[in-house]
Amino acid sequence: MITRLRRSKSWHRNADKAGADTPCAVCGQGIRTSRVWVWITGGGDNIQTLDEHRDIAGDMGFHPVGPSCAAKPWIRPYLITHPHKP
Ligand SMILES: [Zn+2]
């Protein structure tokens, strides 16, 4: 499966304030301890599941998602609990 990464419009502003923490892939707010990740592809436009190999050329790697964003229904099927490739 593959879908568009629906980044918050305030992603850059929030990421600038994240400091040493890693910005959430969706909202940009800092995450101190990452627990779930998404695989970002399409040069940053998409997220996809590990069994989907289309668009792999735009592989941007794994990025963490904070708890509130991880609860959103559209992203739940794409969450990865261990950030490694099969
Ligand atoms: Zn977030």
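Every chain begins its residue count from 1, and numbering advances along the sequence as written. Totals for whole chains, interfaces and linings use all residues, but because this is a predicted model, local features are given only for residues with pLDDT of at least 70 and pairs of side-chain atoms are given and counted only at 80 or more.

Topic: the overall build of the protein
Phase 1 of the analysis: Within the protein one finds 2 helices and 6 strands.
Phase 2 of the analysis: In this description a helix means any DSSP run of H or I spanning at least four residues, a strand means any run of E spanning at least two, and both kinds are numbered starting from the N terminus. Of the regular secondary structure in the protein, the N- to C-terminal order runs β-α-β-β-β-β-β-α.
Phase 3 of the analysis: Note on method: radius of gyration uses C-alpha positions; expected globular size equals 2.2 Å times residues raised to 0.38. For a compact globule of 86 residues, the expected C-alpha radius of gyration is about 12 Å, and the protein comes in at 12 Å, within 12% of that figure.
Phase 4 of the analysis: On the principal axes, the C-alpha backbone points of the protein span a range of 35 × 25 × 20 Å.

Quick notes on the sheet that holds strand β5 (residues 46-48)
Phase 1 of the analysis: Two strands make a pair as long as DSSP finds a minimum of two bridges between them. With respect to topology, 4 strands assemble into an open sheet ordered β1-β5-β4-β6, the strand pairing being antiparallel. Each of the sheet's edge strands pairs with one partner strand only, and the pair in question is β1 (2-4) and β6 (61-65). Taken over all neighbouring pairs, the strand axes of this sheet differ in orientation by 45° on average, direction set aside.
Phase 2 of the analysis: In this structure, β1 lies alongside β5, joined through 3 bridges in antiparallel fashion. Within β5, the position partnered with R4 by the bridge is N46. Axes, fitted as lines to C-alpha atoms, cover a helix only where it is in contact. Angles between the N-to-C directions of the axes lie from 0 to 180 degrees.

Remarks on the nonpolar core
Phase 1 of the analysis: If you look at the biggest cluster of nonpolar residues, it comprises 15 residues, and the most contacted ones within it are C24, A25, V26, V38, I40, I47 and V65.
Phase 2 of the analysis: At 5 residues, strand β4 (residues 36-41) tops the list of elements feeding residues into this core.
Phase 3 of the analysis: Here, residues touch in the contact sense if the C-beta positions derived from the backbone fall within 7 Å of one another. If we skip the residues at most four places from it in the chain, I47 touches T3, L5, V38, W39, I40 and Y78. When buried Ala, Val, Leu, Ile, Met, Phe, Trp, Tyr and Cys residues are joined through C-beta atoms within 7 Å, the set is termed a nonpolar core. Exposure classes come from backbone-placed C-beta atoms, where a residue is buried if 20 or more other C-beta atoms lie within 10 Å of its own, exposed if 12 or fewer do, and partly exposed in between.

Considerations on the pairing of β4
Phase 1 of the analysis: Counting buried positions over the 6 residues of β4 gives 6, a clear majority of the element.
Phase 2 of the analysis: Across the two faces of β4 the burial is the same, with V36, V38 and I40 and W37, W39 and T41 all buried.
Phase 3 of the analysis: In the sheet, β4 pairs with β6 via 5 bridges, with the strands oriented antiparallel. Paired with I40 across the bridge in β6 is G61.
Phase 4 of the analysis: Strand direction decides the pairing type here: β4 and β5, joined by 3 bridges, are antiparallel. Its bridge partner being in β5, W39 is matched across the sheet by Q48.
Phase 5 of the analysis: Between the antiparallel neighbours β4 and β5 lie 4 residues, among them G42 with a positive phi of about 65°.

By themselves, these figures tell us nothing about what the structure is for.
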